[in-house]
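Residue strings, one per chain:
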Amino acid sequence: MVAEFFDIGRSRSLPWARWSQAAALLAALADPDREFDAIVIGSSERAFCGQQFATMAPLFAHYGVAVWLPELGGPADPALTEHDELTVLLGILAKREVARARIRARTAMAVQARDQGRYLGGRPPCGYRLVDAGLHPNRAMARHGVRLHALAIDPATGPIVEWMFAQHLTGHSKARITRALNDAGIPSPGMTDPERNPHRHGTRWTLTAVRAILANPRYTGRQVWNRQRTDHVLLDPDNTTLGERDVMRWNPRDEWVISHYPAHPALVSETDFVRAQSVRITVQVPGRTYRLAGIVTCGICGLRMESCWVHQASRLPVPPRPLQRHPTGHDATAQRLCPRGTDLGGAARAAPAPHRQPGGRAVGRGGGRVSTRAPDRPHLRPSGPNRHRPHPGRVRMHPG
C-alpha cells in the first residue's frame, strides 16, 4: 500500500466528488506520475451506493486503474456479465442499508424525544444554553467519554424571549416587536452566539426570526423533534451524476414528536403559548376595524397589509422604496401610491380626498387649506407660467 484514502462521517449516497478523501483519490488518478496502479476497496457497500460503480467504471478504465472488490477476491471487470451483475447487486444492497439505517435512527430518536425528553443535538433555541447532563446511558459510548446535554435558560437572552411572548399576547404585532428589538439595540441570535449560527450574517432582528421564536413549542419546556426534515434535491437536473444537495423543509404539525412531560425549564406557559399562536392583530379605529391587517399579502411585493390612523383619517402606510421600475410596468411614483396588501391594477391610485371642516373648507395632508370655491374667481385664478392654461375644476393650495 502506497496511500490510503478513508472518509469518516460521509453518506455513501453522495458521489465521490463530494467526499474529501475520495475527491483526493480522483485527483490522484489524473496524475500521470501516481505511485499506484490499482485501488483496493475495503467495503463495497460503504464505497458505492446504487449505480455509482457503473458510473465511475469508465473513469477507472480511462486511467488504466483496476478496482479490487473483496466480494470478487480480485479486480472487477465490467465487461464480464457476472461482475457487472454483482456490482449492481452490491449497489442495491448498499442503498437498502442506507434506508434501514435511516429508519432505525429515526425510530430511536423519536422514542428518546417523546418518552425520555432527551436533547438530540442541534443549535439551542434563542433564550437557552447547553449544560452538562451526565454520562451517556449507553455504556460503550460512556466509556469513550460521550456525555449528554440539556437545555437551561440563558440569563442574557431568556428574558428577551419572555418579553417577546408577553408583548405579543398584549396585542403587539411581530413587526412591531422586531422594530422594538432593533431600536433598543438588543443583539440578534446571530450576534449572541455566532459560533453556533454561522449561517446568520445579519446583525439585526428580522421578522422571520421573531416569527420562528413565537412559533417554537420548545419554549414551553417540552422537547420537540422532527419539526424539519432534510430533502435531497438534484444539484443539476441536466446532469444527475453531480449528485444531490440537502434542503431543510418544515414538516406538518401532526408529524412533530413532542415529549410527554417537560424536559427543561419553560420560558412561557403552555396556555400562553397556545394563545400566542391564535393572536390576530386587528387595528380598531373610531368606526373602523381592519380584520385583514397582517393576514392579507400583496401578490406583487409580498408585504403584509398594515393599517393606521393618521391626521384624523384612515390610511395604509406606504414603506419607502428606491426609485425603480415596478415589475408590472408602472413607474416608481405609482409604486409608492400602492399601499401594502393592494394591487396597482393598472393606473396609480388617486390621492385620498381631503376631509371637510365647518365653513366650506377642506384641510389637505400638508396642513394647508384647499379652496373649494369656483375656479373662475379672479382672485383664485392660477398664477405663474401656466396661468393662461385652462384648468377646469382645479383647486389651489394656500400656505398654512
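Above this text you will find the structure in question.
Now for a quick tour of the structure. Computed from a predicted structure; not experimentally measured. (Residues numbered from 1 in each chain as written. Predicted model: local features only at pLDDT ≥ 70, side-chain atom pairs only at ≥ 80, totals over all residues. Heavy atoms only, no water.)

1. What about the nonpolar core?
For the record, the criterion: In these notes, a set of buried Ala, Val, Leu, Ile, Met, Phe, Trp, Tyr and Cys residues joined through side-chain atoms within 4.5 Å is what counts as a nonpolar core. Any residue under 20% of the maximum accessible area for its type is buried, any over 50% is exposed, and the rest in between are partly exposed; the area is computed with a 1.4 Å probe on protein chains only.
Among the nonpolar cores identified, the biggest contains 21 residues, and Trp16, Leu29, Ile39, Ile41, Phe48 and Phe60 are the most heavily contacted of them. Among the nonpolar cores identified, the runner-up in size contains 19 residues, and Tyr119, Leu151, Leu267 and Val268 belong to it.

2. Considering the environment of Ala3
Cut-off, in case you're wondering: A run of H or I in DSSP becomes a helix once it reaches four residues, and a run of E becomes a strand once it reaches two; helices and strands are each numbered from the N terminus.
Following the sequence through the fold, Ala3 ends up in the segment before α1 (20–29). Of the residues examined, Ala3 reaches a relative accessible area of 38% and is grouped as partly exposed. As a C-alpha pair, Ala3 and Phe36 span 33 residues in sequence and 8.1 Å in three-dimensional space.

3. As for helix α9 (residues 207–214)
Quick note on the threshold: Note: the arc covers the axis-to-C-beta directions of the helix. Should any heavy atoms of two residues lie within 4.5 Å, those residues are counted as being in contact.
Those residues of α9 that sit buried are Val210, Ile213 and Leu214. All buried residues of α9 fall inside an arc of 95° around its axis, so they share one side. If you follow the buried residues of α9, they end up packed against α6 (158–169), α7 (174–183) and α10 (270–277).

4. Quick notes on the pattern of salt bridges
Formally: Criterion for a salt bridge: a side-chain nitrogen of Lys or Arg within 4 Å of a carboxyl oxygen of Asp or Glu.
Tallied over the full model, the rule gives seven salt bridges. Across the salt bridge formed by Asp132 and Arg147, the nearest N and O atoms sit 2.7 Å from each other. Residue Asp132 is found in strand β4 (residues 128–135), and its partner Arg147 is found in strand β5 (residues 147–153); the two are separated by 15 residues along the sequence. Overall, Asp132 belongs to the partly exposed group, its relative accessible area being 47%. The salt bridge involving Arg229 is made with Asp231; its shortest N-O contact spans 3.2 Å. Linked through salt bridges whose partners overlap, the residues forming this network are Arg229, Asp231 and Arg249.

5. Things to note about the packing of α6 against α10
Heads up, the condition is: Here the axes come from fitting lines to C-alpha atoms, over the contacting stretch only for helices, and the angles between their N-to-C directions go from 0 to 180 degrees. In this scheme, roughly parallel covers angles under 35 degrees and roughly antiparallel covers those over 145, while 65 to 115 is roughly perpendicular and the rest are oblique. The crossing is said to be left-handed when, going from far helix to near helix, the turn is anticlockwise and less than a right angle, and right-handed when the turn is clockwise. Three classes are used: nonpolar for Ala, Val, Leu, Ile, Met, Phe, Trp, Tyr, Cys and Pro, charged for Asp, Glu, Lys and Arg, and polar for all others, with Gly counted as polar.
Contact geometry for α6 and α10: axes closest at 9 Å, N-to-C directions at 55°. Comparing their axes, α10 and α6 come out oblique. In the crossing of α6 with α10, the sense of the turn from one axis to the other is left-handed. Contact residues: α6 offers Phe165, His168 and Leu169, while α10 offers Asp272, Phe273, Arg275 and Ala276. For the contact of α6 with α10, the per-class residue count stands at four nonpolar, one polar and two charged.

6. Comments concerning the side chain of His83
One can find His83 in helix α4 (residues 81–116). Setting aside residues up to four positions removed in sequence, His83 forms contacts with Leu72, Pro75, Ala76 and Asp77.

7. Observations regarding unusual backbone geometry
Of note, the phi angle at Asn226 is positive, near 70°, even though the residue is not glycine. As for its position among the elements, Asn226 is in the loop between β6 (224–225) and β7 (228–234).

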